[in-house]
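Given next are the chains, with one letter for each unit.
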Amino acid sequence: MPRQYPHEVIKHMHTFRDRLIAWISAASVLLITLLFLWLVLDIFFKGFAGLHWSFLTSAPLNAGRAGGIAPVIVSTLLILGVCMLVCVPAGLATAIHLSEYTVRNPAAARLIRRSLDTLAGVPSIVFGLFGASVFCDLLGLGYSILSGGLTLACMVLPFMIRAGEESLRSVPQEYRLGASALGFSQYSVLTGILIPVAMPGLSIGLILGIGRALAETAALIFTSGYVLRMPESLLDSGRTLSVHIYDLAMNVSGGEANGYTSALVLIAILVMINTGARILTQRIVHEVHI
Amino acid sequence: MLRLIFCLNLVWLLAGCDAADHAREKLVITGSSTIAPLIADIARRFESQHAEYQVDVQSGGSSRGIADVRRGVAHIGMVSRGPDSDEQDLQWYALARDGIGMIIHQQNTIAALNAAQIADIFTGRIMDWQTLGGPAQKITVVNKAEGRSTLEVFLKFFALKNSTIKPQVIIGENQQGIKTVAGNIGAIGYVSIGSAEVAIAEGTAIKLLPMNGVAASVDNVRNGSFPIARTLHLITGAKLTAAARIFLDFALSPAVHDLIEAQYFVPLQR
């Protein structure tokens, strides 16, 4: 026979527990926000002094200790562009297949999902070695922006596919049934209902993918390379911001100041791209709902 | 969707067109991450004087430079040590000198260690600074990762085997070693003297220990009196392309001595 507590005590215990949970969650939010702020402010204060217009528009000098990062920014954006041009269509198509077309073959779907989850956990250096042997050597692209972008695409695809699939599957089944009842074609259902409704989730997948691509160093040292020249084509080797920051921090004595400034630029680019992606997806959602 | 496919095609076309425009001869140099920033600067000066060549410098480690030259992927390799007995198939060109100094935390009261003491520390026979007359503080041994040239130079000088070393921390690049020792009051490690001197000038909490009574300084590496030093090399296969020959002549000439000194290495007098 369990002990009987008076009603007031039970009520008190409940409110105490509820408050505790609210407290703990608020404290963790505070902690995480503080850590994030610390990181950003640290980079901001150490990097802002070196941030001039000329830093963004001139080439690096003296192994990156002096001069700017113009070619590095261009290479970064080109590599990201190649990666996204491959990732977005291929990732969306695979996500659609997994969520909409594998109902009859759940075993195959499970296998694909397992493989994707495994791929998502593979260390990036493995993708780097894979990219170096397939894109650089086998396909003869050499150290190039194209090799780097394609390697990144292989690395980012599993994330984008899984995020895309989850958001497509979270669209209520009634929408599909209703559309079928009205005689919509599969194409109209996809472009008119499923993709727009799943857009917020799809955009999160995209943003996470962009973040992972911009942060990558290990895989790119072996594929897009280390060259600081302004790229003239997608077949030129080019150094990304992350590789540049890594080199300044780890290999170049006295390169820290410019490393911090480059990190600040990288964060700024990331924020700008993410905001852009969010605005774009919001506009698509908006258009459909009117 | 059609628009997207069109855009994709456009990109491939652009990539293709540009590739056809490349009339300049490309020279690929890969290898040691220690030398890569220096060679990248030398390459830029070389390109400004020889518009007909394009020099691509890639980093990745000395072992990689050797492998790439042997496979014919790179025209020139960068190796931050001297040749081993099984590497005589390659041609070695001395580029610059780099001294390797022992570093400890600035607040450590130890002023000097002899070679036997350092060997004892790295093999785990001495575990506390107190044993050597220092503070009561456990020693943190910071060793370099397998494949790093600094490790090979260190092992050779102290006649140690890497398997007998008992490290608490294993690091890659010099800057990582400096940061590790500066952040750990009981740590001891070894890095390129040039980069340690810069870090000390910037106020990093480390100090360089003398070896056999000779101060660990770039000056003493230059005059040859500091005993632990390595020679940075460029390597090629048995046959040289014309472009590689011209680049080597340039990189080994006094015209780049200012660049070598700017990276805190010591140019060789020829």
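These numbers come from a predicted model, not from an experiment. (Residues numbered from 1 in each chain as written. Chains lettered and ligands numbered in written order. Predicted model: local features only at pLDDT ≥ 70, side-chain atom pairs only at ≥ 80, totals over all residues. Heavy atoms only, no water.)

## Remarks on the interface of chain B and chain A
The criterion, for reference: Contacts: residue pairs with any heavy atoms within 4.5 Å of one another. When two parts are put together, the accessible area they lose, computed with a 1.4 Å probe and summed over both, is reported as buried area. Throughout this description, the term salt bridge denotes a Lys or Arg side-chain nitrogen within 4 Å of a carboxyl oxygen of Asp or Glu. Elements are defined by DSSP. Helices are runs of H or I of four residues or more, strands are runs of E of two residues or more, and each kind is numbered from the N terminus.
On the chain A side, the residues contacting the 38 residues of chain B number 32 residues. Between chain B and chain A the total buried area reaches about 3,000 Å² when both faces are included, carbon and sulfur atoms providing 51% of it. Connecting chain B to chain A are five salt bridges. In this structure, E47 of chain B engages R229 of chain A in a salt bridge whose closest nitrogen and oxygen atoms are separated by 2.5 Å. Elements supplying a minimum of two residues to the side of chain B that touches chain A: helix 1 (2–21), strand 1 (25–31), helix 2 (36–49), strand 2 (53–59), helix 3 (62–71), helix 6 (174–182) and helix 7 (193–201) of chain B.

## Some details on the packing of aromatic side chains
Just so we agree on the cut-off: Stacked, edge-to-face and tilted are the three classes for Phe, Tyr and Trp ring pairs, Trp counted by its six-membered ring, which pair at centre distances within 6.5 Å; planes under 30 degrees apart are stacked, over 60 edge-to-face, the rest tilted. The criterion is that NZ of a Lys, or CZ of an Arg, lies within 6 Å of the ring centre and within 35 degrees of the ring normal, and then a charge sits over that ring.
Under the defined criterion, the tally for this structure stands at 11 aromatic pairs over all chains. Their ring planes at 85° and their centres at 4.9 Å tell us that F157 of chain B and F158 of chain B sit as a pair that is edge-to-face. By way of ring pairs, the aromatic residues F122, F154, F157, F158 and Y190 of chain B are connected into one cluster. A cation sits over an aromatic face here: R239 of chain A above Y226 of chain A, 4.0 Å from the ring centre.

## Section: the pattern of salt bridges
Note the following rule: Relative accessibility thresholds used throughout: buried, under 20% of the residue-type maximum; exposed, over 50%; partly exposed, between the two (1.4 Å probe, protein chains only).
Applying the stated criterion to the full structure yields 26 salt bridges over all chains. Between D258 of chain B and R45 of chain B there is a salt bridge whose closest N-O contact spans 2.8 Å. You can see D258 of chain B sitting in helix 10 (residues 257–262) and its partner R45 of chain B sitting in helix 2, a full 213 residues away along the chain. Its relative accessible area of 42% is what places D258 of chain B among the partly exposed residues. Among the salt bridges present, the one from R81 of chain B reaches E152 of chain B, with a minimum N-O distance of 2.9 Å. Of this pair, R81 of chain B sits in the loop between strand 3 (76–79) and strand 4 (91–105) while E152 of chain B sits in helix 5 (residues 149–158); the two residues are 71 residues apart in sequence, bridging distant segments of the chain. With a relative accessible area of 30%, E152 of chain B lands in the partly exposed category. Members of the salt-bridge network, linked through shared partners, are R113, D117, R162, E165, E166 and R169 of chain A.

## Section: the domain arrangement of chain A
Residue and element names in this part refer to chain A. Spelled out, the test is: Start and end points for every domain follow an automatic or database-based domain assignment. Any N or O atom pair separated by 3.5 Å or less is treated as a polar contact, with the protein-specific requirement of one donor-capable and one acceptor-capable atom, and with residues adjacent in sequence counted only for side-chain atom pairs. Charged means Asp, Glu, Lys or Arg here, nonpolar means Ala, Val, Leu, Ile, Met, Phe, Trp, Tyr, Cys or Pro, and polar covers whatever is left, Gly included.
As far as domains go, chain A holds domain 1 (7–50) and domain 2 (53–289). Listed by partner, the interface residues are seven residues for domain 1 and seven residues for domain 2. Counting each side, the surface lost to burial between domain 1 and domain 2 is near 630 Å², with a carbon and sulfur contribution of 76%. The three residues of domain 1 that bury the most area against domain 2 are I43, K46 and G50, which together make up 62% of that side's buried surface. For the interface between domain 1 and domain 2, the tally reads zero salt bridges. On inspection of domain 1 and its partner domain 2, the count reaches two residue pairs in polar contact (both at pLDDT 80 or more). Its residues assigned to classes, the side of domain 1 that touches domain 2 comprises three nonpolar, two polar and two charged.

## Here's the deal with the confidence of the model for chain B
All names here are of chain B. Quick note on the threshold: The quantity called pLDDT is the predictor's confidence in a given residue, expressed from 0 to 100.
Chain-level pLDDT for chain B is 87 on average; 91% of the residues reach the 70-or-more range. Per-element averaging of pLDDT across chain B places helix 1 at the bottom with 50 and strand 3 at the top with 96. Every residue in residues 16–21 scores below 50 in pLDDT, and together they form three contacts with partners more than four places removed in sequence or on other chains. Per the prediction output, this complex has pTM 0.79; the corresponding ipTM is 0.75.

## Re the domain arrangement of chain B
All names here are of chain B. As assigned here, chain B comprises domain 1 (21–97 + 232–267) and domain 2 (98–222). The straight-line distance from the C-alpha centre of domain 1 to that of domain 2 is 29 Å. Across the boundary between the two partners, domain 1 contributes 14 residues, which contact 14 residues of domain 2. Taken over both partners, the interface formed by domain 1 and domain 2 buries close to 1,000 Å², and the fraction arising from carbon and sulfur atoms is 52%. Our count for the domain 1 to domain 2 interface comes out at one residue pair in polar contact (both at pLDDT 80 or more). When contributions to the side of domain 1 that touches domain 2 are tallied by element, the ones reaching two or more residues are helix 3 and strand 4. Here the side of domain 1 that touches domain 2 is built from residues that sort into five nonpolar, five polar and four charged.

## Things to note about unusual backbone geometry
Of note, N62 of chain A is a non-glycine position whose phi angle comes to about 50°, a positive value. According to the relative accessible area criterion, N62 of chain A is partly exposed, its value standing at 27%.

## Considerations on the side chain of D56 of chain B
Mapping D56 of chain B onto the fold places it in strand 2. Note on D56 of chain B: relative accessible area 3%, which makes it buried.

## Observations concerning helix 3 of chain B
Within helix 3 of chain B the residues assigned to the buried category are S62, R64, G65, I66, D68 and V69 of chain B. Residues of helix 3 of chain B that are buried make contact with strand 1, strand 2, strand 3, strand 4, helix 5 and strand 9 (229–236) of chain B.

## Thoughts on the pairing of strand 1 of chain B
Along any regular strand, the residues point their side chains to alternate faces of the sheet. Residues and elements named next belong to chain B. Defined as follows: Paired strands are those between which DSSP finds at least two bridges. Handedness of a crossover: with both strands directed away from the viewer, a clockwise path from the first strand across the helix to the second marks it as right-handed.
In terms of burial, strand 1 is largely enclosed, as five of its seven residues are buried. Relative to strand 2, strand 1 is paired through seven bridges, and the arrangement is parallel. By the bridge assignment for strand 2, G31 is matched with S59. The handedness of the strand 1 to strand 2 crossover, carried by helix 2, is right-handed. As paired elements, strand 1 and strand 3 share three bridges and run parallel to each other. The residue of strand 3 that forms the bridge with G31 is M78.

## Let's talk about helix 7 of chain B
Residue and element names in this part refer to chain B. Looking only at helix 7, the buried set comprises I193, G194, S195, A196, V198 and A199. Buried residues along helix 7 sit against strand 4, helix 6, strand 7 (187–192), strand 8 (206–209) and helix 8 (218–222). Note on helix 7: the residue one or two positions beyond its end, G203, has a positive phi of about 95°.

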